[in-house]
There are 2 protein chains.
Amino acid sequence: MKEILREIGMIARALDSISNIEFKEVELTKGQYLYLVRIVEHPGIIQEKLAEMIKVDRTTAARAIQKLELQGFVEKKDDDTNRKIKRLFATEKGMQAYPLLKREGEHSDSVALAGLSEEEADMLFQLLQRVRHNIEVDWEFVKKGNKRAY
Amino acid sequence: MKEILREIGMIARALDSISNIEFKEVELTKGQYLYLVRIVEHPGIIQEKLAEMIKVDRTTAARAIQKLELQGFVEKKDDDTNRKIKRLFATEKGMQAYPLLKREGEHSDSVALAGLSEEEADMLFQLLQRVRHNIEVDWEFVKKGNKRAY
DNA sequence: ATAATATTGTTGTAAATGCAACAAAATGGC
DNA sequence: GCCATTTTGTTGCATTTACAACAATATTAT
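Quick notes on the rules
- Residues numbered from 1 in each chain as written.
- Chains lettered and ligands numbered in written order.
- Predicted model: local features only at pLDDT ≥ 70, side-chain atom pairs only at ≥ 80, totals over all residues.
- Heavy atoms only, no water.
- Domains from an automatic or database assignment.
- Contact = heavy atoms within 4.5 Å.
- Salt bridge = Lys/Arg side-chain N within 4 Å of Asp/Glu carboxyl O.
- Polar contact = N/O pair within 3.5 Å; in protein donor to acceptor, adjacent residues only side chain to side chain.
- Nonpolar A, V, L, I, M, F, W, Y, C, P; charged D, E, K, R; others polar.
- Pairing = 2+ DSSP bridges.
- Helix = DSSP H or I, 4+ residues; strand = E, 2+ residues; numbered from the N terminus.
- Near = heavy atom within 4 Å.
- Buried < 20%, exposed > 50% of the residue type's maximum accessible area, 1.4 Å probe, protein only.

What about the domain arrangement of chain A?
For interface size, the figure often reported is the accessible area lost on association.
Residue and element names in this part refer to chain A.
Point 1. According to the domain assignment, chain A contains domain 1 (3-112) and domain 2 (113-150).
Point 2. Taking only C-alpha atoms into account, the centre of domain 1 sits 20 Å from that of domain 2.
Point 3. Residue-level contacts link 10 residues of domain 1 with 7 residues of domain 2.
Point 4. Where domain 1 meets domain 2, there are 2 salt bridges.
Point 5. The salt bridge involving Lys-55 is made with Glu-136; its shortest N-O contact spans 2.8 Å.
Point 6. Inspection of the region where domain 1 meets domain 2 yields 7 residue pairs in polar contact (both at pLDDT 80 or more).
Point 7. Taken together, the residues of the side of domain 1 that touches domain 2 sort by class into 5 nonpolar, 1 polar and 4 charged.

Some details on the pairing of strand E3 (residues 86-90) of chain A
Point 1. In this sheet, E3 of chain A lies alongside strand E1 (residues 45-46) of chain A in antiparallel orientation, the contact comprising 2 bridges. Bridge pairing in E3 of chain A links Ile-45 of chain A to Leu-88 of chain A.

Some remarks on the protein's contact with DNA strand D
Point 1. Around DNA strand D lies a shell of 28 residues, among which Arg-58, Arg-63 and Lys-84 of chain A together with Thr-29 and Lys-67 of chain B are the nearest.
Point 2. In DNA strand D, the atoms that sit within 4 Å of the protein are 60% sugar and phosphate, with bases accounting for the remainder.
Point 3. Within the backbone of Lys-86 of chain A, a nitrogen or oxygen atom sits 3.1 Å from a phosphate oxygen of DNA strand D.
Point 4. Between a base nitrogen of DNA strand D and a side-chain N or O atom of Arg-63 of chain B, the distance comes to 2.8 Å.
Point 5. Contributions of two or more residues to the surface near DNA strand D are made by helix H3 (47-54) and helix H4 (58-70) of chain A together with helix H4 (58-70) of chain B.
Point 6. Taken together, the residues that form the surface near DNA strand D break down as 4 nonpolar, 8 polar and 16 charged.

A few points about the pattern of salt bridges
Point 1. A complete count under the given rule lists 30 salt bridges over all chains for this structure.
Point 2. Where Glu-52 of chain A meets Lys-49 of chain A, a salt bridge forms, and the shortest distance between an N and an O atom there is 3.6 Å. Taken as a pair, Glu-52 of chain A and Lys-49 of chain A lie in helix H3 at a separation of 3 residues, close to a single helical turn.
Point 3. What makes Glu-52 of chain A partly exposed here is its relative accessible area of 30%.
Point 4. The residue Glu-69 of chain B makes a salt bridge to Lys-76 of chain B at a minimum N-O spacing of 4.0 Å.
Point 5. Overall, the relative accessible area of 31% leaves Glu-69 of chain B in the partly exposed class.
Point 6. A relative accessible area of 25% means that Lys-76 of chain B is categorised as partly exposed.
Point 7. Each of Glu-7 of chain A together with Lys-55, Arg-132 and Glu-136 of chain B takes part in salt bridges that share partners, so that together they form one network.

This is the structure:
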């Protein structure tokens, strides 16, 4: 019954592909939108947590954020007490790009959920959250170099 | 309510990441497993259709398959009547790798669906299929260079 | 049958991705 | 307080990804 996971993969790649094409309009290259929206929505988040949240390699996140900073979409601020971490914030430019990202996301959402009733969409969300919780345990396990048995 | 799409993105990236790490064991590098399983399951498929099926750029699929061929996992065969297309088939080596890919997929599946009843898993699958159908229309539209209005 | 368009496949190039390895600060155990 | 471990961040390198542009065959329209 692993069709479920294949469906998820197909949907995710299609959506990501669409977003990447559409966000060129605001000078965002492949993947950058993922980070920017979350930084806007979680001001002060650090990149390590952001990578975990997005489920992407730490070093990939590092470079994506580096580029966002270079382009002036976000800025890194030193923490008052912890000298190691750098807190991330959207700049004015980042904030200005946000509404488009939000609108696009909502549009894709409405396209994706077309024909589903409110209850169905709700049920889908609940189920997906549970799946995500289940799978993120394994993701962290495997990412840390451990081996799953099967 | 676009949390649904974010959940899907998180799950897909986590799963893909896990698979990529686990399939190094059989010399498959990033993404290759996607193509190989589908070629095994759809003998004679052509790469254009495969790219559509997976929802990946045609040229990305071309190179992934090229590499699979070079490594001896699949072979391209000329079609009898159509001189342009090349039909894809798994080789003996490809077939030998398949059981592991299948087992891994099933394991991830059972992990992902842990705690869901049969009915819930079923419902999830049905809903995801509908979402996928909805979104693939837009994917093809945007991929072909058209612009969505929103 | 011919011309116009669509399909399928390839290659050049630029960029993102992720692993390995490293460094430095923070945290936890004793 | 001190040492071991964990967390956080970075860079070098190899690979994948995708866009652009092209070529060749197939399909459709006239």
